[in-house]
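Per-entry structural report
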Amino acid sequence: MMAPLLVEVTRRDVRTGADIIESVHHGHLVVTGPGGEVVMSLGDPDVSTLVRSAAKPFQVQACLDVLGEAGADLTAQEIAVAWSSHRAEPRHLGIVQRLLERSGTDAASLTCPAAVGEADPGASPARIQRDCSGKHALFALVGQKLGLAGADVIDPAGAVQRAVLQVLEEALGPMDALATDGCGAPAVAVPLVNLARGFAAVATGTRWSRVRDAGLAHPGLVGGDGRAETALLEAGIVAKPGAEGVFGIGLTDAHGRPFGAAIKILDGSSRGSATAAVGLLEALGHVGPGTWAAPAPTGGGLPVGEVRPSSLVRGLSRRRP
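First, a word on what this report is: a plain description of the structure on this page.

**Some points on the sheet that holds strand 4 (residues 48–50)**
Judged by pairing direction, the sheet is antiparallel, and its three strands sit side by side in the order 4-6-5 without closing on themselves. With one partner strand each, in any of the chains shown, strand 4 and strand 5 (177–180) form the two edges of the open sheet. Averaged over all pairs of adjacent strands, the angle between strand axes in this sheet comes to 30 degrees, irrespective of strand direction. By the bridge criterion, four bridges tie strand 5 to strand 6 (residues 186–191) in an arrangement that is antiparallel. Within the sheet, the bridge partner assigned to L178 lies in strand 6 and is V188. Of the strands in this sheet, strand 4 and strand 6 are in contact with helix 6 (residues 192–204), which crosses strand 6 at around 105 degrees.

In structure tokens form, the structure reads like this:
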């Protein structure tokens, strides 16, 4: 199935003021209803998708399951940063460090690769600055309980990741494929519709309440300044992007019914997936105009266009479930 146009990037004609479409993002989008049924879609709802960091709420819940009482005193801030893909702002790094101290793990021993954080591009590369460092700090704590450390903690055949993969399959269904994420942890591929169903469960299910409530209480720790997921969490919507243009959404409507949504942008653009996600929610009346927008194209340092949902996405307002 061909992937429809979900997002347009425009630049204005200085003579006429007309919008020129300069580039586009195609992809797949699906919304599921209270029974997990597909209530609307653009493209192929069953397209196999490596969900990347959109898996983090489920990975964190798996860690909490293994920790049991040993994780009972984890703070909401620590749980929120564990399912973040953070910008390495000082608030993020401080909470990751607190989480590391619980297992006695040195930041240099984190199992994710060194990186330069988005918030401070001039910093020296460090493992703690990796956007996945919160998750890996939690993996270290689970590894300590199970007697594992180092590479064994992220080995898909090891006890930590076997527990994580079991929860992922429970939440997202059987894996289409198992790969390696950018941070070195296992990465699963599932039908896109299953990701939407999983996020609907996170938004409403009691099993996921600790993960959900932590993100809703600390939106800035899940993403950071200027991030779409933070803006949506501030609006009471469970939201988590993943690399290569993935976005998962979970919410309840005015009647308390659970809905999920998932997006995959084929060119892997994060601005595309975030713009489509916010545009979808605006079309369906769950957020208002101005909730979030990708940075506008500039000319001479001034805005000269916009990144906007396509007419197909905006038109979903006529199909509100």
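Don't stop here, the text continues.
**With respect to the packing of aromatic side chains**
Taken as a whole, this structure holds two aromatic pairs when the rule is applied. Taking the centre distance of 5.6 Å and the plane angle of 90 degrees together, the rings of F58 and F199 count as edge-to-face. Linking F58 in helix 1 (residues 56–67) with F199 in helix 6, this pair joins segments that are 141 residues apart in sequence. Linked through ring pairs, F58, F199 and W208 together constitute an aromatic cluster. Taking the ring centre of W208 as reference, the NZ or CZ of R207 above it sits at 5.1 Å.

**A short note on the nonpolar core**
With 59 residues, the main nonpolar core has L138 and L195 as its most contacted residues. Of the residues forming this core, the biggest block, seven residues, is contributed by helix 6. In this structure, L195 is in contact with V51, A54, F58, L172, V246, F247 and A262, ignoring residues within four places of it in sequence. Within the second largest apolar cluster, 33 residues are counted, among which are L251, I265, L281 and V307.

**Thoughts on the pattern of salt bridges**
If you walk through the whole model with that rule in mind, you get 18 salt bridges. D13 is the salt-bridge partner of R15, the closest N and O atoms lying 3.3 Å from each other. What makes R15 exposed here is its relative accessible area of 74%. With relative accessibility at 16%, the residue D13 sits in the buried group.

**Side note on the pairing of strand 6**
By the criterion of burial, strand 6 is predominantly enclosed, with six of the six residues buried. Direction of pairing for strand 4 relative to strand 6: antiparallel, over a ladder of three bridges. Across the sheet, T49 pairs through a bridge with V190, a residue of strand 6. Hairpin remark: strand 5 followed by strand 6, antiparallel, with five residues in the connecting loop; positive phi at G184, about 100 degrees.

**Overview of helix 4 (residues 133–146)**
Note: α-helices contain 3.6 residues per turn, so residues at a spacing of three or four share the same orientation. If you check helix 4, its first and last C-alpha atoms are 20 Å apart, about what 14 residues at 1.5 Å a residue would give, namely 20 Å. Burial of helix 4 is extensive: eleven of the 14 residues sit out of reach of the surface. Those residues of helix 4 that fall on the buried side of the exposure criterion are S133, G134, K135, H136, A137, L138, F139, A140, L141, V142 and G143. The inward-facing, buried residues of helix 4 abut helix 1, helix 2 (76–82), helix 3 (90–103) and helix 5 (159–172). Where helix 4 terminates, the next one or two residues include G147, which has phi positive at roughly 80 degrees.

Analysis parameters
Residues numbered from 1 in each chain as written. Predicted model: local features only at pLDDT ≥ 70, side-chain atom pairs only at ≥ 80, totals over all residues. Heavy atoms only, no water. Pairing = 2+ DSSP bridges. Helix = DSSP H or I, 4+ residues; strand = E, 2+ residues; numbered from the N terminus. Axes fitted to C-alpha atoms, helices over the stretch in contact; angles between N-to-C directions. Contact = heavy atoms within 4.5 Å. Phe/Tyr/Trp six-rings, centres within 6.5 Å; stacked < 30°, edge-to-face > 60°. Lys NZ or Arg CZ within 6 Å of the ring centre and 35° of its normal. Core = buried A, V, L, I, M, F, W, Y, C linked by side-chain atoms within 4.5 Å. Buried < 20%, exposed > 50% of the residue type's maximum accessible area, 1.4 Å probe, protein only. Salt bridge = Lys/Arg side-chain N within 4 Å of Asp/Glu carboxyl O. Expected span 1.5 Å × (residues − 1).

Note that every value here comes from positions in space, so none of it alone points to a role or purpose.
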